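Architecture and fold: a report
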Amino acid sequence: MRGKERKVIDDARDQPLDKRVRFSVRLLESASTYKDIVVRKKDGFTQILLSTRSTYNNTLNREVMNEVKSALEKAAVDDSKFVLLSAVGSVFCCGLDFDNIVKHLKYNRKRATVKLVDTIKNFVNSFIEFKKPIVVSVNGPAIGLGASILPLCDVVWANEKTWFQTPYTRFGQSPDGCSTITFPKIMSRAAANEMLINGWKMNAQEACDKGLVSQVFWSETFTQEVMVRIQEITSCNSFVLENSKALVHYNMNVELKQANGRECEVLKKIWASAQGMEYMLKYVQNKIDSF
């Protein structure tokens with residue numbers, strides 16, 4: 001399916017001068033170099049792709065999360081109308097990198113725990129605080145934090161062959177990404193418990209039916225379908241897009257930040273405990289690569 005080309009309308013001249021400093025970067029590739037993500041400046045939007053070199057299956061360590069946070073901060077003040085978040089390869093995101101976490105927690109556990117949890121907290125807050133729309137193109141499995149951040153975004157499109165899972169209890173962890181508040185709101189408390197407590201593996205259509213995903217597209221035409229819709233959003237007025245999001249999210253940010261804070265405090269307690277460390281070690285040692 002090919003979308004009809006549309007002329008991108010630049011409404012900057014018709015809008016009042018934003019108090020924030022906005023700069024225009026008209027390059028196909030990002031002016032900044034990242035190690036674990038790819039950032040492309042397109043005409044009208046910024047594309048952030050998970051392309052982790054230091055982790056496996058696009059898992060999230062401190063470096064990856066800090067790079068995504070940095071890319072969002074830059075997109076927040078440039079001429080991008082929105083952000084498209086996607087991934088390179090056949091996996092979207094496998095959540096936290098527990099191999100990396102265990103390695104750091106072996107030495108000075110208390111200090112390492114604070115640093116790791118603060119990174120997660122700031123990473124999640126960067127999604128909560130981002131004022132422009134975030135569109136997500138889920139090309140493959142989204143697990144753990146890779147799935148729980150999706151409700152913090154505005155539009156989520158999924159490949160029909162992908163799946164979603166938050167099996168926190170299976171590796172001795174507690175929920176993150178504000179999922180303790182977003183999942184019950186969008187998919188009912190019972191379904192949220194199946195995800196967060198029982199680790200229910202949800203396919204793309206089930207995720208769409210439950211409200212975690214906006215639309216599901218055929219795998220053969222997934223990229224084309226996404227780009228057709230991206231062109232449609234790009235043609236919209238940036239002022240209208242940002243203010244429409246603000247209306248939808250009105251009064252939600254405080255609640256989300258509080259949930260993020262609560263979840264991170266529990267993570268600190270788990271990672272600082274001997275039992276929590278034991279569960280993580282067991283998970284890392286016994287995990288089986290299913291991809």
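In case you missed it, the structure is sitting above this.
Positions within a chain are numbered from 1, following the residues in the order the chain's sequence is written. Where totals are concerned, whole chains, interfaces and linings use all residues; where local detail is concerned, this predicted model gives features only for residues with pLDDT of at least 70, and gives and counts side-chain atom pairs only at 80 or more. Heavy atoms from the whole structure form the basis of all side-chain values; hydrogens and water molecules are not counted.

Considerations on the overall build of the chain
Helix and strand content of the chain: 11 helices and 9 strands. With 291 residues in all, the chain has 51% of them scored as buried. For the chain, long-range pairs separated by at least 24 residues make up 73% of all intrachain contacts whose partners lie at least 6 apart in sequence. For the chain, the accessible area works out to roughly 14,900 Å², and carbon and sulfur atoms hold 53% of it. Secondary structure elements follow DSSP: runs of H or I of four or more residues count as helices, runs of E of two or more count as strands, with numbering from the N terminus. The buried label goes to any residue with under 20% of its type's maximum accessible area, the exposed label to any with over 50%, and the partly exposed label to all in between, with areas taken from a 1.4 Å probe on protein chains only. Whether two residues touch is decided by their heavy atoms; if any such pair falls within 4.5 Å, the residues are in contact. To measure how exposed things are, a 1.4 Å probe is used in the Shrake-Rupley method; for residues, cover is taken only from the protein chains shown.

Description of helix α6 (residues 189-196)
Looking at α6, one finds that the buried residues are Ala191, Ala192, Met195 and Leu196. What you see down the axis of α6 is that its buried residues fit within an arc of 125 degrees, all on one side. In α6, the exposed residues that point more than 90 degrees away from the buried face are Arg189 and Ala190. On its buried face, α6 is in contact with β7 (163-165), α5 (179-187), β8 (202-203) and α7 (204-210). Regarding the arc, it is the one traced by the directions from the helix axis to the C-beta atoms.

Looking at the sheet that holds strand β2 (residues 45-50)
For two strands to count as paired, DSSP must find a minimum of two bridges between them. With mixed pairing, 6 strands are arranged side by side in an open sheet as β1-β2-β3-β4-β6-β9. Two strands close off the open sheet at either side, each with one partner strand: β1 (37-41) and β9 (215-217). Across the sheet, the axes of successive neighbouring strands diverge by a mean angle of 20 degrees, strand direction being ignored. Strand direction decides the pairing type here: strand β4 (residues 134-138) and strand β6 (residues 155-159), joined by 4 bridges, are parallel. Following the sheet pairing, Ser137 is matched in β6 by Trp157. For helices, the fitted line uses only the C-alpha atoms of the stretch in contact; every axis is such a line through C-alpha atoms, and the angle between N-to-C directions lies from 0 to 180 degrees.

Examining the nonpolar core
For this analysis, a nonpolar core means a set of buried residues of the types Ala, Val, Leu, Ile, Met, Phe, Trp, Tyr and Cys, connected via side-chain atoms within 4.5 Å. By size, the foremost hydrophobic cluster in this structure holds 68 residues, and its most contacted members are Phe127 and Trp271. A per-element tally of this core places helix α3 (residues 109-129) first, with 8 residues. In contact with Phe127, not counting residues within four places along its chain, are Val68, Leu72, Leu85, Ile134, Ile149, Leu152 and Cys153. Of all hydrophobic cores here, the second largest spans 11 residues; its members include Trp157, Phe217, Phe222 and Val226.

Overview of the pattern of salt bridges
What makes a salt bridge here is a side-chain nitrogen of Lys or Arg within 4 Å of a carboxyl oxygen of Asp or Glu, nothing more. According to the stated counting rule, one finds 9 salt bridges in the structure shown. The shortest N-O distance in the salt bridge between Glu73 and Lys69 comes to 2.6 Å. On the criterion of helical spacing, the pair formed by Glu73 and Lys69 is a turn pair, its members being 4 residues apart in helix α1 (residues 62-77). In this structure, the salt-bridge partner of Glu255 is Lys185, at a minimum N-O distance of 2.9 Å.

Some details on the sheet that holds β7
One open sheet holds the 3 strands; their spatial order is β5-β7-β8, and the pairing between them is mixed. Because the sheet does not close on itself, it has two edges, and the strands there are β5 (142-143) and β8. Relative to β7, β5 is paired through 2 bridges, and the arrangement is parallel. By the bridge assignment for β7, Ala142 is matched with Phe164.

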